[in-house]
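Here are the chains, one letter per residue:
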Amino acid sequence: MENPDDDRPPTGAAEETTDAARRAPAGGEGPDAAHRASQQPYRHPAAGWGAAKSVTRVLMQEREFVDGPRAIFRMNHENSGFDCPGCAWPDDTKGLKLDICENGIKHVTWEMTAKRAGRELFAAHSVSELATWSDFALEDTGRLTEPMVYNEETDHYEPIGWQAAFALIGSELRALDDPNQAAFYTSGRLGNEATFLYQLMAREYGTNNLPDCSNMCHEASGRALTQALGTGKGTADLKDWETADALFIMGVNAASNAPRMLTALSEAYRRGAQIVHVNPLVEAAATRTIVPHDLLDMALFKSTRTSTLNLQVRAGGDMALLRGMAKAVIEESASDPKALDREFIERHTQGFEEYRALCEATSWDELERQSGLTRADILKAAEVYSRADRTLISWCLGVSQHEHGVETVREIVNVLLLRGNLGREGAGPSPVRGHSNVQGNRTCGIDHRPAPEFLDRIAQACGIDPPRAHGLDTVATVAAMHRGDVKVFVGMGGNFVKAAPDTPYTVEGMRRCALTVHVSTKLNRSHVEHGRKALILPCLGRTEKDQQRRGLQSTSVEDSMSMVHLSVGMKRPASPHLLSEPAIIAGMARATLPDSVVPWEHYIEDYDRIRDTMARALDGFEDFNRRVRLPLGFRIRQPARELVFLTGSGRAEFSSAPLPDVVPRDDLLVLQTMRSHDQWNTTIYSDDDRYRGVKNLRTLVLMNADDMRARGIAEGTPVDLTAISKDGTTRHLNGYTALAYDMPAGCAAGYMPEMNVLVGRADYSTTSDQPLMKSLSVRIAPSAAGSG
Ligand SMILES: Nc1nc2c(c(=O)[nH]1)N[C@H]1C(S)=C(S)[C@@H](COP(=O)(O)OP(=O)(O)OC[C@H]3O[C@@H](n4cnc5c(=O)[nH]c(N)nc54)[C@H](O)[C@@H]3O)O[C@H]1N2
Ligand SMILES: Nc1nc2c(c(=O)[nH]1)N[C@H]1C(S)=C(S)[C@@H](COP(=O)(O)OP(=O)(O)OC[C@H]3O[C@@H](n4cnc5c(=O)[nH]c(N)nc54)[C@H](O)[C@@H]3O)O[C@H]1N2
Ligand SMILES: [Mo]
């Protein structure tokens with residue numbers, strides 16, 4: 001049974017124990033509790049019939065056979081449908097009729113479920129009881145239907161009217177000594193209009209405490225790209241994916257987490273492009289696929305390859321591989337001057353000589369040791385790179401969630417700059433973003449370190465006087481809640497308690513708050529581990545119609561490649577009592593800031609009015625209302641793409657960071673915490689992980705077979721994990737099942753969010769402040785409790 005409470009250490013203790021047996025869903029609460037666990041290699045192409053079967057199962061589970069399929073045909077269509085709330089992969093530009101994937105469908109169906117978590121549920125179960133339920137069981141109660149407030153005397157959530165809920169928030173926020181005693185979290189689902197209002201409310205109130213899921217996701221990418229190129233986003237768009245000669249896919253499990261990328265990869269293969277996957281694991285997207293939307297291919301079982309080379313780097317070894325590629329290209333330039341794009345380097349970059357010297361000074365021995373690859377493998381990658389006219393490098397969490405995430409992303413840029421792979425078709429850096437609008441959130445102001453120019457524009461366009469001091473990010477917010485420095489926590493979506501590191505510590509922080517507010521669609525752990533006062537405010541989902549005084553409203557979102565377009569809901573709301581996210585923000589703002597200069601009610605009547613203000617306040621949003629209604633929306637100008645670099649030097653900057661030592665010492669292993677195929681961040685759909693051949697098991701740890709032998713661990717037997725934090729404290733997870741998996745020695749892997757109990761509060765990167773969710777130092781041994 002899952003209850004972080006049981007696992008809480010006495011305050012200040014260095015030892016924290018969590019028993020896997022207690023965490024595993026039990027008593028039929030888990031999705032597949034009755035079935036046996038198993039693991040076998042997956043030998044089929046990605047997507048295809050396995051995907052179709054899985055979709056059917058989810059539609060049935062959520063009892064959504066009527067509206068489900070209808071909605072799916074309206075997904076990701078030019079301004080006539082809603083944007084898939086799944087990942088941030090851009091929409092097809094060539095008029096695809098069915099631009100969808102298995103996991104997008106699962107995600108939509110999850111939101112459209114016929115199940116309801118109404119007032120009866122909360123009357124029947126106390127909060128202490130709900131806290132013993134598994135995460136799956138909590139979300140499986142269905143959509144939230146009306147605002148609920150926690151009653152300390154009865155230990156139940158009870159219905160509360162919207163106005164009373166807003167009044168409670170207003171009075172708590174106004175009672176704080178300092179606006180910085182509140183924190184306003186955003187999960188990347190929030191549309192642009194709501195985002196803009198949310199940051200406006202926080203800043204008019206007086207704080208930049210705007211932690212977001214991006215702090216755990218691509219903070220490193222944003223910082224690195226800003227340092228190197230002057231803007232914190234990728235420069236490549238879908239057209240570039242369609243024209244690149246070489247694609248490097250680093251640290252992303254595309255078949256599960258950005259499945260529509262499979263289409264781009266198979267098309268690239270068909271046109272003869274080189275596709276190099278860099279990953280300790282050979283993920284399903286690194287083999288072959290049945291193109292997700294291609295029903296004919298599916299009927300004929302026709303699959304296409306999606307890889308020409310797989311490089312199984314050691315965890316954290318990407319930077320060494322990239323530096324090796326750079327070294328090889330530089331060495332090659334001695335005999336072949338065209339190996340480097342000297343004209344580009346001279347005209348557009350800064351710092352090349354220093355970087356060249358650093359590459360020359362780094363020995364092949366060191367590069368082999370740190371990357372976990374042979375020199376021959378590194379040279380293969382370098383050869384792909386030097387032969388290609390146009391190279392695109394893409395990455396996700398396998399690169400960003402490390403101590404040296406910033407440095408590695410800068411190394412990606414270094415490599416691209418060497419051959420002028422920037423500012424032209426088919427080339428450039430292309431991070432794969434996570435949540436469907438996480439990039440739009442940043443663009444529209446969710447940033448705890450806002451640029452002064454951004455604040456000036458907001459001040460001018462909206463008449464507020466925003467605070468200038470930097471605010472708290474996710475890691476710092478948890479620490480501040482602990483110290484009592486943050487007393488009110490507002491979560492705009494997401495599941496903060498489970499997503500953030502060090503679960504028991506985060507739970508404790510949440511409980512110390514005077515008030516916690518969660519704007520959500522479904523019940524989750526963050527609602528049952530709450531502050532002294534607590535509110536659950538249910539909102540419309542993206543699939544639902546948003547009717548306001550002046551008609552049906554749409555919201556805009558920005559994808560991974562900076563395309564902004566409209567999303568219009570089509571379903572009847574799950575309950576007549578739901579409000580839209582913009583309306584909830586306006587309600588909170590009005591109650592908190594009675595004398596606000598912002599016309600909140602006026603904005604909510606018609607979101608075009610919000611967009612008109614955004615057009616004045618945000619760079620790149622000129623003529624917003626017209627351009628967002630163009631067939632594919634519009635692309636936000638990306639100066640680096642036009643070789644305009646908003647850096648100190650006005651040039652693209654090479655970086656010359658020392659290589660980090662990522663080789664684990666003694667008997668330690670580097671543990672990564674990743675997603676299964678059947679989950680969406682903290683939402684678990686089932687205990688299966690199809691592409692890794694796992695059935696009905698989440699409490700597992702995948703290991704290299706030699707590492708298992710060396711530790712006397714037999715296949716399928718229970719092990720205990722001890723994580724050694726940067727601050728020397730240890731955390732434990734016991735009774736997990738060890739499975740041999742094809743990966744380099746020294747690496748291990750298991751699932752988030754369960755393994756967040758192993759991520760210590762000190763385990764974040766000093767350059768990005770991002771938690772080290774892909775590089776925990778662990779010791780793994782046969783279970784002390786004996787085999788079971
Ligand atoms: N269906 C579905 N889609 C999703 C999500 C979801 O949960 N479910 N989540 C969304 C979100 S918020 C995000 S941020 C993205 C996350 O997308 P991913 O980044 O794919 O997420 P993870 O599952 O954490 O997988 C990390 C990948 O990096 C690899 N890796 C680990 N360490 C290293 C390393 O040191 N080097 C290299 N090269 N690779 C490494 C792992 O083996 C794995 O393939 O997906 C988004 N899309
Ligand atoms: N160990 C470990 N931890 C990780 C990661 C990892 O790789 N390893 N990845 C990190 C990453 S990349 C991310 S992005 C975070 C994710 O962190 P979050 O974004 O905080 O978590 P989610 O699981 O995406 O949030 C799920 C909840 O969002 C709510 N929700 C769903 N749709 C909507 C909507 O339309 N509106 C509103 N208001 N609410 C909605 C539902 O109530 C649901 O329970 O987790 C991070 N945590
Ligand atoms: Mo993410």
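As the structure is a prediction and not an experimental result, all values here were calculated from the model.

Some details on the side chain of Asp-689
Move 1: Among the secondary structure elements, Asp-689 is positioned in the loop between strand S27 (683-684) and strand S28 (694-695).
Move 2: Taking the relative accessible area as the measure of exposure, Asp-689 reaches 1% and is therefore buried.
Move 3: In this view, Asp-689 contacts Ser-676, His-677, Val-694 and Tyr-751; residues no more than four positions away in its chain are not counted.

Observations regarding the site of ligand 2
Move 1: Ligand 2 sits among 31 residues. The nearest are Tyr-185, Ala-499, Asn-524, Glu-581 and Thr-682.
Move 2: With respect to ligand 2, the backbone of Asn-495 contributes an N or O atom lying 2.9 Å from an oxygen atom.
Move 3: Within the backbone of Ala-499, an N or O atom sits 2.8 Å from a nitrogen atom of ligand 2.
Move 4: Across the complex, the protein chains shield 98% of the 930 Å² of accessible surface that ligand 2 would expose by itself.

Some thoughts on the site of ligand 1
Move 1: Not every one of the 30 residues close to ligand 1 is listed here, only the nearest: Asn-279, Glu-283, Gly-316, Asp-318 and Asn-681.
Move 2: Contact between ligand 1 and Asn-257: a nitrogen atom at 2.7 Å from a main-chain N or O atom of the residue.
Move 3: Take Asn-681: an N or O atom from its main chain is 2.6 Å from an oxygen atom of ligand 1.
Move 4: Computed on the free molecule, ligand 1 has an accessible area of 930 Å², of which 99% lies beneath the protein chains in the complex.
Move 5: Elements supplying a minimum of two residues to the shell around ligand 1: helix H12 (254-257), helix H20 (397-400), strand S25 (669-674) and strand S26 (679-680).
Move 6: Its residues placed into classes, the shell around ligand 1 shows 12 nonpolar, 14 polar and four charged.
Move 7: There are two domains that each give the shell around ligand 1 at least three residues, and those are domain 3 (219-431) and domain 4 (669-782).

Focus: the packing of aromatic side chains
Move 1: All told, the structure shown has 13 aromatic pairs when counted by the stated rule.
Move 2: Between Phe-184 and Tyr-198 the ring centres are 6.0 Å apart and the planes differ by 85 degrees, which places this aromatic pair in the edge-to-face class. Within this pair, whereas Phe-184 is found in strand S7 (residues 182-186), its partner Tyr-198 is found in helix H9 (residues 192-205), the two being separated by 14 residues in sequence.
Move 3: Taken together, a centroid distance of 4.8 Å and an interplanar angle of 85 degrees make the contact between Phe-621 and Phe-624 edge-to-face.

Considering the environment of Asp-727
Move 1: Turning to its location among the elements, Asp-727 is positioned in the loop between strand S30 (718-724) and strand S31 (730-740).
Move 2: Only 2.6 Å separates the side chain of Asp-727 from the side chain of Thr-729, close enough to count as a polar contact.

Here is what the cut-offs are and how they apply
Residues numbered from 1 in each chain as written. Chains lettered and ligands numbered in written order. Predicted model: local features only at pLDDT ≥ 70, side-chain atom pairs only at ≥ 80, totals over all residues. Heavy atoms only, no water. Helix = DSSP H or I, 4+ residues; strand = E, 2+ residues; numbered from the N terminus. Buried < 20%, exposed > 50% of the residue type's maximum accessible area, 1.4 Å probe, protein only. Contact = heavy atoms within 4.5 Å. Near = heavy atom within 4 Å. Polar contact = N/O pair within 3.5 Å; in protein donor to acceptor, adjacent residues only side chain to side chain. Areas by Shrake-Rupley, 256 points an atom, 1.4 Å probe, with all protein chains shown as cover. Nonpolar A, V, L, I, M, F, W, Y, C, P; charged D, E, K, R; others polar. Domains from an automatic or database assignment. Phe/Tyr/Trp six-rings, centres within 6.5 Å; stacked < 30°, edge-to-face > 60°.

In short, the description is geometric, and any link to function would need to be established separately.
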